[in-house]
Amino acid sequence: MLIAPTSHAPTRRVQGGAAAQALKHPAAFAPRVLRRFRANQGLLLAGALADHAPLSIVPLLILAAIVLSHWVEQSELLRNVDRYIQWLVPGQSGAIVTELAGFVAPAT
């Protein structure tokens, strides 16, 4: 059994149509987004992301400080980390930098 080749190329669906429709009808687009946000439990997902972000940032900060301590003097490194953490978590940078100092302190 032979299958004859087709003369036309296979068609692909391009998602640009959805974007064009959203631009043509923005008043219908916003409620559709909000319905899907609620259906997918968007607030729960956003809360989970906000809750897990510090759990990922803290080990990354420790690793970066350990690596940088090989090239930057420890007191200068901790002073800069303290300044930047003060922007992110006002009032808590002292405790964080004290714990971080234990990781970058030279082993004796």
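For the structure, check the block above.
Residues numbered from 1 in each chain as written. Predicted model: local features only at pLDDT ≥ 70, side-chain atom pairs only at ≥ 80, totals over all residues. Heavy atoms only, no water.

Asks: Give me the lowdown on the packing of aromatic side chains, citing residues and values where you can.
Replies: Scanning all chains against the criterion turns up 1 aromatic pair. A ring pair is formed by tyrosine 84 and tryptophan 87, whose centres lie 5.1 Å apart and whose planes are at 75°; its orientation type is edge-to-face. Of this pair, tyrosine 84 and tryptophan 87 both sit in helix H4 (residues 74–88), 3 residues apart, which is roughly one turn of the helix. Given the relative accessible area of 42%, tyrosine 84 is considered partly exposed. On the accessibility criterion, tryptophan 87 (64% relative accessible area) is exposed. Geometry around tyrosine 84 places arginine 83 over its ring, the cationic atom sitting 5.0 Å from the centre. (Phe/Tyr/Trp six-rings, centres within 6.5 Å; stacked < 30°, edge-to-face > 60°. Helix = DSSP H or I, 4+ residues; strand = E, 2+ residues; numbered from the N terminus. Buried < 20%, exposed > 50% of the residue type's maximum accessible area, 1.4 Å probe, protein only. Lys NZ or Arg CZ within 6 Å of the ring centre and 35° of its normal.)

Asks: Break down the nonpolar core for me, citing the residues and quoting the values.
Replies: Of all hydrophobic cores here, the largest spans 8 residues; its members are Ala65, Leu77, Leu78, Val81, Ile85, Val97, Leu100 and Val104. Those elements that provide at least two residues to this core are H4 and helix H5 (93–104). The dominant element in this core, judged by the number of residues it contributes, is H4, at 4 residues. If near-sequence neighbours (up to four positions away) are discounted, valine 81 is found in contact with Leu61, Val97 and Leu100. (Core = buried A, V, L, I, M, F, W, Y, C linked by side-chain atoms within 4.5 Å. Contact = heavy atoms within 4.5 Å.)

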